[in-house]
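As a plain string of letters, each chain reads:
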Amino acid sequence: MRAGMGKAAAVLLLALWATAAQAASVSVMTPRGEVAQVRQVTLRFNEAVVPFGDLRLPDPASVRCEGPAVAGSGRWANDRVWLYDFAAPLPPGTRCTLRLDAGWKPLNGSVSGAREFSFSTGGPAVLSTQPWSGGTVEEDQHFLLRLSGAATPASVAANAWCEVEGIGERLPLKVVAGAEREAVLKARRVPRDAEPGALLAACQRPLPPDARVRLVWGRGIAALANPKVITSVEQRFEFRVRSPFTAEFSCERERAGAPCLPIRPMTLAFSSAVPRALAAQVRLQPEGGGAAIAPAFDKDDKSEELSRVVFPTPLA
């Protein structure tokens, strides 16, 4: 009798094992964990779970999100893959959970493994910077940060900063708002629909020339839509402050120390380009007195910035 019971138990275990082996399960679910930008959820099964070619079937799962609400809908891509598309990228501060519906059955009738998955968009992440990371900046540079979503100004002030070569302390990142912000966004042609995620900021004090600068977007920056959700990853962006501005005058001479030849070109070159209106204010003052001489401009040159000006020749 014991031998018979043992055989029955073995048969039952084999049957259970065969059932588990044949059960459908989720092999891939993306995204998982913390992801800055989410537009689509992908659910992939280890085997065909709906009839091939018939993709107008009930959704196998539901997606529920906490935080800023974004509508979405599901669809079958093929007999193994189900997609859930959001109408727009999820903003920072959103937590979502995907659950397989209890009443949904795959082709073989059973599901094994995990039935619930979650992900979060985390706090506001920096998607891009102007100027670009690795570029040259000015002493009073304004940084335009394109974020995955709006951040609370207080959390930015507390958790973002500038690290400057030669300065032994962090310089807090100052958020620029109001009319000054609007003027910069307009000048850089930032579209209206992108403005909510555009943050204009500057280091708290002018930067020393020719120094390396690091802008740090730290941990703890909160999403404006859901301040309970904060950044958990630190981002760093490297820049170099431009060299000191210089202007160099040059002309042709008969010999070293001799006066400039008035019939040959005289040029004032700048170490970096300056606005045309500013360059136009340069004047050459004759040593013996007389009227100051303005630079000559090529009428076909419409450049908004100039790296040098040339004075007309011959000089009177």
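Let us look at the structure shown here.

Calculation criteria
Residues numbered from 1 in each chain as written. Predicted model: local features only at pLDDT ≥ 70, side-chain atom pairs only at ≥ 80, totals over all residues. Heavy atoms only, no water. Patch = residues over 30% accessible without salt bridge, like charges linked within 9 Å, V, L, I, M, F, W, Y side chains within 5 Å. Areas by Shrake-Rupley, 256 points an atom, 1.4 Å probe, with all protein chains shown as cover. Salt bridge = Lys/Arg side-chain N within 4 Å of Asp/Glu carboxyl O. Lys, Arg positive; Asp, Glu negative; His and termini not counted. Charge placed at Lys NZ, Arg CZ, Asp CG, Glu CD. Helix = DSSP H or I, 4+ residues; strand = E, 2+ residues; numbered from the N terminus. Buried < 20%, exposed > 50% of the residue type's maximum accessible area, 1.4 Å probe, protein only. Contact = heavy atoms within 4.5 Å. Pairing = 2+ DSSP bridges. Axes fitted to C-alpha atoms, helices over the stretch in contact; angles between N-to-C directions.

Time to look at a negative patch on the surface. On the surface, a cluster of negative charge is contributed by Glu138, Asp140, Glu304 and Glu305. With respect to the secondary-structure elements, Glu138 resides in the loop between β10 (136–137) and β11 (142–147).

Before going further, it helps to spend a moment on the side chain of Asn226. Within the secondary structure, Asn226 sits in the loop between β15 (212–217) and β16 (235–241). On the accessibility criterion, Asn226 (15% relative accessible area) is buried. Apart from the residues within four sequence positions on either side, Asn226 is in contact with Gly67 and Gly93.

Moving on to the sheet that holds strand β3 (residues 40–45). Taken in spatial order, the 4 strands make up an open sheet running β1-β3-β6-β5, and their pairing is antiparallel. Each end of this open sheet is capped by a strand with a single partner; those strands are β1 (26–30) and β5 (72–76). With strand direction ignored, the average angle separating the axes of adjacent strands in the sheet is 15°. Here 5 bridges tie β3 to strand β6 (residues 81–86), and the two strands are oriented antiparallel to one another. Paired with Val41 across the strands is Tyr84, a residue of β6.

That's the geometry; what it means functionally is another story.
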